[in-house]
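Read off the chains here:
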Amino acid sequence: MQSGDTAATPQRIGVPKEIFPGEKRVATVPDAVTKLVKLGFAVVVEQGAGALADLSDAAYIDAGATIAPNAAALWSGCDIVFKVRAPTPDEVALMHAGQTLVGFLWPAQNPDLMQQLAAQKVTALSIDALPRTLSRAQKMDALTSMAGVSGYRAVVEAANAFGRFFNGQITAAGKVPPAKVFIAGAGVAGLAAIGAAASLGAIVRANDTRAEVADQVVSLGGEFVKVDYEEEGSGGGGYAKVMSEGFQAAQREMYAKQAQECDIIITTALIPGKPAPKLITAAMVQSMKPGSVIVDMAAEQGGNCELTEPGQAVVRHGVTIVGYTDLASRMARQSSTLYGTNLFRLTEELCKTKDGVINVNMQDDAIRGLTVIKDGEITWPAPPLVVAPKPAPKPTAAPVAKKGHGHGEPSGPMPVGQLLTVSAVAAVLLVLVGAYAPAAFLSHFTVFVLACFVGYMVVWNVKPALHTPLMSVTNAISSIIAIGALVQISPMANAAGRPNTLIGILAALALVLTAINMFGGFAVTQRMLAMFRR
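Note that the structure is predicted; figures quoted are calculated from it, not measured.

A. Spotlight on the sheet that holds strand β19 (residues 377-378). Pairing is mixed in the open sheet, where 8 strands are placed in the order β3-β2-β1-β4-β5-β6-β18-β19. What marks the edges here is a single partner per strand, and that holds for β3 (66-68) and β19. With 3 bridges joining them, strand β4 (residues 80-82) and strand β5 (residues 100-103) adopt parallel strand pairing. Paired with F82 across the two strands is V102, which belongs to β5. This element, helix α11 (residues 332-350), spans β4, β5 and β6 (123-126) of the sheet and lies at about 140 degrees to β5.

B. Up close: the pattern of salt bridges. Applying the stated criterion across every chain yields a total of 21 salt bridges. Here R252 ties to E245 by a salt bridge, and the two come within 3.0 Å at their closest N and O atoms. D326 is the partner of R330 in a salt bridge, and the nearest nitrogen-oxygen pair spans 2.9 Å. Counted as one network, the salt bridges with shared partners bring together R136, K139, E349, K352 and D364.

C. Quick look at a nonpolar patch on the surface. Judged by side-chain polarity, V425, V428, L429, L432 and Y436 come together as a nonpolar surface patch covering roughly 530 Å² of accessible area. The residue L429 is located in helix α13 (residues 416-436) in this model.

D. Here's a closer look at unusual backbone geometry. Look at the link from W380 to P381: it is a cis peptide, with omega at 0 degrees. On the secondary structure map, P381 appears in the loop between β19 and α13. At H317, a position not held by glycine, the phi torsion is positive, near 55 degrees. In this fold, H317 is placed in the loop between β16 (313-316) and β17 (319-322). Overall, H317 belongs to the partly exposed group, its relative accessible area being 45%. In this structure, D375 is a non-glycine residue whose phi angle is positive, near 50 degrees.

E. Region of interest: the packing of aromatic side chains. Counting across every chain of the model gives 5 aromatic pairs. Taking the centre distance of 6.1 Å and the plane angle of 15 degrees together, the rings of F104 and W106 count as stacked. With relative accessibility at 8%, the residue F104 sits in the buried group. Here F162 and F166 contribute two aromatic rings whose centre-to-centre distance is 6.2 Å and whose plane-to-plane angle is 80 degrees, an arrangement assigned as edge-to-face. The pair F162 / F166 is uniform in exposure class, with both members buried. Among the aromatic residues, those joined into a ring-pair cluster are F104, W106 and Y339. Over the face of the ring belonging to F20 we find R85, whose NZ or CZ atom lies 4.1 Å from the ring centre. Positioned above the aromatic ring of Y324, the side-chain terminus of R330 is 3.7 Å from the ring centre.

F. A look at the packing of helix α6 (residues 142-161) against α11. As a packed pair, α6 and α11 sit with axes 9 Å apart at the nearest point and diverge in direction by 165 degrees. Here α6 is positioned roughly antiparallel relative to α11, judged by the angle of their axes. Seen along the crossing, α6 lies across α11 with a hand that is right-handed. Across from A142, S145, M146 and V149 in α6, the residues of α11 making contact are Q334, S335, L338, Y339 and N342. Considered class by class, the residues forming the contact of α6 with α11 number 5 nonpolar, 4 polar and no charged.

G. Examining the nonpolar core more closely. With 45 residues, the main nonpolar core has F82, F104, Y339 and L346 as its most contacted residues. Elements with a minimum of two residues in this core: β1 (12-15), α1 (30-38), β2 (42-46), α2 (57-63), β4, α6, α11 and α12 (365-370). With 6 residues, α11 is the largest single contributor of residues to this core. Once residues lying within four places of it in the same chain are set aside, the contact partners of F82 are I13, G14, V15, P16, A27, L36, V102, L343 and T347.

H. Spatial organisation of the environment of L385. Along the chain, L385 turns up in the loop between β19 and α13. Not counting the four nearest positions on each side in its chain, L385 is found in contact with P131, T133, L134 and D365.

I. Structural detail: the confidence of the model for the chain. Across the chain, pLDDT averages 85, with 80% of residues at or above 70. Between residues 1-6, whose pLDDT stays under 50, and residues either more than four places distant or in other chains, the model counts 16 contacts. Long-range and interchain partners of residues 401-411, a stretch whose pLDDT sits below 50, account for 6 contacts in this model, where long-range means more than four residues apart.

J. The arrangement of the side chain of S292 in detail. Its location among the elements puts S292 in the loop between α10 (282-287) and β15 (293-296). Within the structure, S292 has its side chain in polar contact with the backbone oxygen of K289 (distance 2.7 Å). When neighbours within four sequence positions are excluded, S292 is seen to be in contact with C262, D263, G318, V319 and T320.

K. Seen up close, the sheet that holds strand β9 (residues 180-184). Spatially, 7 strands are ordered β11-β10-β9-β14-β15-β17-β16 in an open sheet, and the strand pairing comes out mixed. One side of each edge strand has no neighbouring strand; the edge strands of this open sheet are β11 (223-224) and β16. In terms of strand pairing, strand β10 (residues 203-207) meets β11 through 2 bridges, oriented parallel. The residue of β11 that forms the bridge with R205 is E223. Across the sheet, α6 touches β14 (264-267), β15 and β17, and the angle it forms with β15 is around 155 degrees.

L. Quick look at helix α9 (residues 245-261). With 17 residues, α9 extends 25 Å between its outermost C-alpha atoms, agreeing within 8% with the 24 Å of an ideal straight helix rising 1.5 Å per residue. Within the sequence span of α9, burial applies to F247, A250, Q251, M254, Y255, Q258 and A259. Taken together, the buried residues of α9 touch β9, β10, β14 and α10.

M. Examining α1 more closely. Looking only at α1, the buried set comprises P30, A32, V33 and L36. Axial view of α1: buried residues confined to an arc of 150 degrees, hence all on one face. Exposed and oriented more than 90 degrees from the buried face of α1 are D31 and K38. Residues of α1 that are buried in the fold lie against β1, β2, α2, β4 and α11. Just beyond α1, the residue with positive phi is G40, at close to 105 degrees.

Rules used in this analysis
Residues numbered from 1 in each chain as written. Predicted model: local features only at pLDDT ≥ 70, side-chain atom pairs only at ≥ 80, totals over all residues. Heavy atoms only, no water. Pairing = 2+ DSSP bridges. Helix = DSSP H or I, 4+ residues; strand = E, 2+ residues; numbered from the N terminus. Contact = heavy atoms within 4.5 Å. Axes fitted to C-alpha atoms, helices over the stretch in contact; angles between N-to-C directions. Salt bridge = Lys/Arg side-chain N within 4 Å of Asp/Glu carboxyl O. Patch = residues over 30% accessible without salt bridge, like charges linked within 9 Å, V, L, I, M, F, W, Y side chains within 5 Å. Areas by Shrake-Rupley, 256 points an atom, 1.4 Å probe, with all protein chains shown as cover. Buried < 20%, exposed > 50% of the residue type's maximum accessible area, 1.4 Å probe, protein only. Phe/Tyr/Trp six-rings, centres within 6.5 Å; stacked < 30°, edge-to-face > 60°. Lys NZ or Arg CZ within 6 Å of the ring centre and 35° of its normal. Parallel < 35°, antiparallel > 145°, perpendicular 65-115°, else oblique. Left-handed = near helix turned anticlockwise from the far one by under 90°. Nonpolar A, V, L, I, M, F, W, Y, C, P; charged D, E, K, R; others polar. Core = buried A, V, L, I, M, F, W, Y, C linked by side-chain atoms within 4.5 Å. pLDDT = per-residue confidence, 0-100. Polar contact = N/O pair within 3.5 Å; in protein donor to acceptor, adjacent residues only side chain to side chain. Expected span 1.5 Å × (residues − 1). Arc of directions from axis to C-beta.

And the structure:
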């Protein structure tokens, strides 16, 4: 059945059981099956495919799938196959011409697999080759989904191997200091680890060659540790690049210091298509405190630590080094749910007609990027994405001096001559008021002038970005007018000593309004400040 043939009957999506040792994930979940059926596809799941992810065959049947008794029946009877791990040679042998395979294929690391798939005349979509710079591709980005799960799980594994609390505690039995966690690499996995470790109460530090992630580290509760060497580390596509020898030397010096100070190190540094860089040396491990933990998330590509043994947790120099290569699989149900959603979103892009037939459109940048084989022809690597040139900056006009006072916009500084004139007029007016006004009026006038001055200094000198939360406070503070209302209510009398009902009513009304202003201002302020609290 050819992709894009609108006259064809709806295609069948097959989900086989993963046979890679230790792999517990499955390529789709019952919730995703329901959505795929609504797109017009028939879904076939191999018997027991979701068992290790706590997903029963009955749940798949209830969602609208059918169950295949074995792998051979599934591979031979389906037009599209969703997988997590790359297929083995035995699985490739079960494929037939015109079939479409979707999964983590890693074409750069598996050239032999590419040749085997091409020989079967199939179409292969490698989900790890998706162009991550495309904003609309984010919903299909399974690498990000799995990295987030792995980063969280790395903290769980570290906590399991660590012999103390993460958060500091003061108990009757003594004081427990908080754990210090250093995370090397602040990509998706690193940021997930930062958030998880900080939520457990640890002191979290992190480093990355890309300076732009510093704000993200701080926003998650971590401290960004800079390398004392200036060099940009962004390699494009959301990944870091290989740094110069000078930078690497400065970085090793910083890592050596963190190894001596921190209790837990989590490394996440990986560059696609290259072995994992060695960041933690044996000497650094030896310098760590006994009972410390290293979780090497790059173990599958050789590891960031010299003493990592992929797939195992070992103890070296009193330090536990966790080199598990299946962190995402250790949270199989969560990982399968996210991965199944990613593949469903990809299927939506492949089947925009919602008729149960996919169209691998090579004119679509996202689809072209992840299509590594098309009808038996190897199409990987995809050509570089064409980036639209940035528009030329518009010529800046000469600044125009502001006239008057715009609403909410402070005007520029007053010229000296004008300032002197205004000051002279104000002085004359004050002299006249002092000479001829009654003493009672003069005292009230003095309070009024001082209130205006204080209000100006409080509000006018604040940055505009802070006006919204601050104005609620200043409104409450300015409610000192309530004191004036109380003064007027107290005698409720005029100069002749007779009660003045009008003044009393106005004073009482002013008191009610200012009370609302006071309590409302502080209530609004507290609600706004609560938005910025963790």
